[in-house]
Amino acid sequence: MPKARRNQHRRNQPSTAPAQESPLAREEGTIVKNWGGKIPVALSFPNSYYVGMSSLAFQLLYSRLNAEEDVVCERVFWEKGGAAAGKPLLSLENQRPAEEFDVWAFTISWEMDYFNVVEMLRQANVPPLAQDRHTSTRWDGTEWPILIAGGPGITMNPEPMAPFFDVILIGEGEEALPQFVELCRQGLYEDRAALLATLDKLPGFYIPSLRPSNRNHVDFRPVERLWVRELYNHPTHSTLYTPDTEFGDMHMMEIARGCGRGCRFCLAGYVYRPPREQPLDKLLSWAEDAITRGHKRIGLVSAAVSDHTQIDELATQLHGMGASISASSMRMDPISIPLIKAMAEGGTQTLTVAPEAGSQRLRNVINKTQTEEQMMHAISLASELNMPQLKLYFMVGHPTETDDDIQAIVDFTLEAKKRFNRRIAINATPFVPKAHTPFQWEGMTDSRTIKNRQRILNKALAKHGVAVRADSPDWAEVQAVLSRGDRQLADVLLAIPSGDLNVRSFFQTMEDLGLDPDHYIGKWEVGDALPWDIVQSGVSENYFHYELRLAAQDKTGLSCPPDSAGCLSCSACDPDWAFRYGDNADRPVPAAKGGPWRAQDWQPWTKLKAEQHKTEYGNVSIAPIALE
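What counts, and where the lines are drawn
- Residues numbered from 1 in each chain as written.
- Predicted model: local features only at pLDDT ≥ 70, side-chain atom pairs only at ≥ 80, totals over all residues.
- Heavy atoms only, no water.
- Pairing = 2+ DSSP bridges.
- Helix = DSSP H or I, 4+ residues; strand = E, 2+ residues; numbered from the N terminus.
- Axes fitted to C-alpha atoms, helices over the stretch in contact; angles between N-to-C directions.
- Contact = heavy atoms within 4.5 Å.
- Parallel < 35°, antiparallel > 145°, perpendicular 65-115°, else oblique.
- Left-handed = near helix turned anticlockwise from the far one by under 90°.
- Nonpolar A, V, L, I, M, F, W, Y, C, P; charged D, E, K, R; others polar.
- Core = buried A, V, L, I, M, F, W, Y, C linked by side-chain atoms within 4.5 Å.
- Buried < 20%, exposed > 50% of the residue type's maximum accessible area, 1.4 Å probe, protein only.
- pLDDT = per-residue confidence, 0-100.
- Polar contact = N/O pair within 3.5 Å; in protein donor to acceptor, adjacent residues only side chain to side chain.
- Expected span 1.5 Å × (residues − 1).
- Arc of directions from axis to C-beta.
- Patch = residues over 30% accessible without salt bridge, like charges linked within 9 Å, V, L, I, M, F, W, Y side chains within 5 Å.
- Areas by Shrake-Rupley, 256 points an atom, 1.4 Å probe, with all protein chains shown as cover.
- Salt bridge = Lys/Arg side-chain N within 4 Å of Asp/Glu carboxyl O.
- Lys, Arg positive; Asp, Glu negative; His and termini not counted.
- Charge placed at Lys NZ, Arg CZ, Asp CG, Glu CD.
- Right-handed = clockwise from strand over helix to strand, strands pointing away.

Asks: Where do I start with the sheet that holds strand E14 (residues 389–396) in this structure?
Replies: Two modes of strand pairing occur in sheets, parallel and antiparallel, and in both the strands are linked by backbone hydrogen bonds. Sheet architecture is open: 4 strands sit in the order E13-E14-E15-E16, paired in parallel fashion. The open sheet is flanked by strand E13 (350–356) and strand E16 (467–470), the only strands paired with a single partner. Taken over all neighbouring pairs, the strand axes of this sheet differ in orientation by 20 degrees on average, direction set aside. Against the sheet, helix H13 (residues 372–384) contacts E13 and E14, and its axis sits at roughly 165 degrees relative to E13.

Shown next as structure tokens:
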């Protein structure tokens, strides 16, 4: 029987897997299809249902794949303890075993989920390594599923996961997904090797088995990342709703993609350049439709929600529709008064502010340009609007950080408490160097030092009623190894038995395999070959060198204010995009004038916003923000 017909015969058989409790009955937007004549795709988020269904990107992939008439896409989630208990790994919609699908797609948001990927493959009885799948077949003689991965957790340094996947999508996948499906129609059941060879020739598709990752190799060919120019052509809002997740029935909308602030530690700020926005009319239309269907909680999602050029109008009109608004992240330069007011009146419980560092010197080092005055202004506003809780996000262990910078966190928090005499919590997250950022060469501060500084914060603030939440420095070191890892890390992931993962076992396994953890955690020489050289993030390495030199001088660097253009400094934009407004001479503030934007160039935008909000909102009197 030909291979394609064998696959078709198998797909038409009913599942014999035992039934398990499913949350489908509590979902809205579920798509259930018959398998007959369709390409079966398993879409996995390698974490729990609760976490995975909180991902807007995961929802969008599910809807877009199922929009293809000849594709049936079903979700598969990791379950803690499932593999150890011998449970079959089943799809949510039709309870099909994961290994029966012909395409298995993973969206990976965090490096720490790499362990779950390996566990899921083992649980499904699928050989984890691509090379083993290429030289074997399933029990019925058909080929194993083709494994493809994407997402921010893997796309900029795919190397620790490269041996496990046939295909890794580099960058944003909206426009690549239909192309991948079409090529699967043509070659998935005919010639798998030819399909991979075809994908290897296309931008954005990384086939690890066909490309050496070392830039000194004679056959080295870096992969060009993909990015969507016309974001407005793609709906970026919730398609699934369930009470069994963090956001419940909230309608999430990605209002913008990318961030031009240029924080030197932030992966998203570089790999999603240039910043792009969804138009106001589209956002209002999506929100109106959601509210009509009973979803009045609207979650605004982007790297910096308040940087959307029409955020004030959006917040005002959403509030007028009766929406309850939440925001994923906000900046205070400029502050969006209508957004904070609408959030407060809609019942938002917490204002989140991310100073990231306590002192202005260290904020300059990391290129975090919000001033203490601007942030305190927002905190005072939250107090006057009676928000119940304030959260402050800091990182501990930044390059050049000293004990004085830790005391500055204490001082900043206590000053905030004077203005906000309600519940205050701070997060003290360890700094982890990330690929394709100016700090990619920097080492981590050792875990003992970070733990000591976290204890100092807790001791100084707990007596004032401030809750200090601190992520584990030991696990942060594991994350650093994975974020800066090479293909040798795949052997470590394979060698750790299911259910036996802890910090000690991870580093002991590394040593048993002859790998030095300090190599991955420590400082690297600028100019050395990097594991992620295989990926072209769009931003040039020279630009990262430049930003790193400024950081060493405690100076802020370059950035991309909202709706600006005309700058080719970092190389993420090509001339067609950068000069899409012509010479930009008539652009509203901010408007590029033919050169790169420095961090302080946000000030005209900040001043404009301040002038727009001199009016009073209830008990809140908005004074202009000082810019000097």
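What follows continues from the structure just given.
Asks: Before we go on, may I ask you to explain the packing of helix H15 (residues 447–462) against helix H16 (residues 473–483) in this structure?
Replies: For any two helices packed against each other, the geometry is given by the interaxial angle and the distance between the axes. In the contact formed by H15 and H16, the axes pass within 9 Å of each other and the chain directions differ by 140 degrees. It follows from the interaxial angle that H15 and H16 lie oblique. Crossing geometry of H15 relative to H16 is assigned as right-handed. In contact with Ser447, Ile450, Lys451 and Gln454 of H15, H16 contributes Pro473, Asp474 and Glu477. Across the contact of H15 with H16, the residue classes break down as 2 nonpolar, 2 polar and 3 charged.

Asks: Can you help me understand the nonpolar core in this one?
Replies: Side chains that are nonpolar tend, in soluble globular proteins, to be buried together. Counting residues in each nonpolar core, the largest one holds 114 residues, and the members touching the most others are Trp104, Phe106, Met161, Phe165, Leu300 and Phe506. Take this core: its biggest share by element is 7 residues, from helix H9 (residues 280–292). When near neighbours in sequence (up to four residues on either side) are disregarded, Leu300 contacts Met253, Ile255, Val305, Ile311, Leu314, Leu318, Ile325, Ser326, Ala327, Ser328 and Leu339. Val41, Leu43, Phe180 and Cys184 belong to the second-largest nonpolar core, a separate cluster that totals 35 residues.

Asks: Sorry if this is basic, but what is going on with the sheet that holds strand E4 (residues 146–150) here?
Replies: Strand order in the open sheet made by the 6 strands is E2-E1-E3-E4-E5-E6, with mixed pairing throughout. Each edge of the open sheet carries a strand with a single partner, namely strand E2 (71–77) and strand E6 (205–206). Relative to E4, strand E3 (residues 103–107) is paired through 5 bridges, and the arrangement is parallel. Across the sheet, residue Thr107 finds its bridge partner in E4, namely Gly150. Of the strands in this sheet, strand E1 (39–45), E2 and E3 are in contact with helix H3 (residues 56–66), which crosses E2 at around 155 degrees. Relative to E4, helix H7 (residues 192–200) is tilted by about 20 degrees, and along the sheet it contacts E4, strand E5 (167–169) and E6.

Asks: What am I meant to see in the confidence of the model for the chain here?
Replies: Interpreting fine coordinate detail is not advised for predicted regions of low pLDDT. On average, residues of the chain carry a pLDDT of 88, and 88% of them reach 70 or more. Residue range residues 1–20 is modelled with pLDDT below 50. Its contacts to residues more than four positions away, or to other chains, number 43 contacts.

Asks: Explanation requested: helix H18 (residues 503–512) in the structure shown.
Replies: Given 3.6 residues per helical turn, the α-helix brings residues three or four places apart onto the same face. Among the residues of H18, Val503, Ser505, Phe506, Phe507, Thr509 and Met510 are the ones counted as buried. Those residues of H18 hidden inside the fold are in contact with helix H4 (114–123), H16, helix H17 (489–495) and helix H19 (517–521). Capping the start of H18 is the job of one residue whose side-chain oxygen sits 3.1 Å from the backbone nitrogen of Arg504: Asn502. Gly514, located one to two residues past H18, shows a positive phi value of around 80 degrees.

Asks: Please clarify how the side chain of Glu111 should be interpreted in this entry.
Replies: If you trace the backbone, Glu111 turns up in the loop between E3 and H4. Those residues in contact with Glu111, other than ones at most four positions away along the chain, are Gly153, Lys434, Gln479, Leu482 and Ser483.

Asks: What should I look at first to understand H15 in this one?
Replies: The terminal C-alpha atoms of H15 lie 22 Å apart, and with 16 residues this matches the ideal 22 Å at 1.5 Å per residue to within 8%. Among the residues making up H15, those that are buried are Ser447, Ile450, Arg453, Gln454, Leu457, Ala460 and Leu461. Down the axis of H15, the buried side of the element spans an arc of 160 degrees, and every buried residue falls inside it. Away from the buried face of H15 by more than 90 degrees, exposed residues Arg448, Arg455 and Lys459 are located. The elements touched by buried residues of H15 are E14, helix H14 (403–419), strand E15 (423–430), E16 and H16.

Asks: Explain a negative patch on the surface here, please?
Replies: On the surface, Glu511, Asp512, Asp516 and Asp518 cluster together into a negatively charged patch. Within the secondary structure layout, Asp518 lies in helix H19. Residue classification places Asp518 among the exposed positions, given a relative accessible area of 58%.

Asks: Looking at this structure, how should I read the pairing of E16?
Replies: The side chains of a regular strand alternate, residue by residue, between the two faces of the sheet. The pairing of E15 with E16 spans 4 bridges and is parallel. If you follow Ile426 over to E16, its bridge partner there is Val468. Between E15 and its parallel partner E16, the chain crosses via H15, and the hand of that crossover is right-handed.

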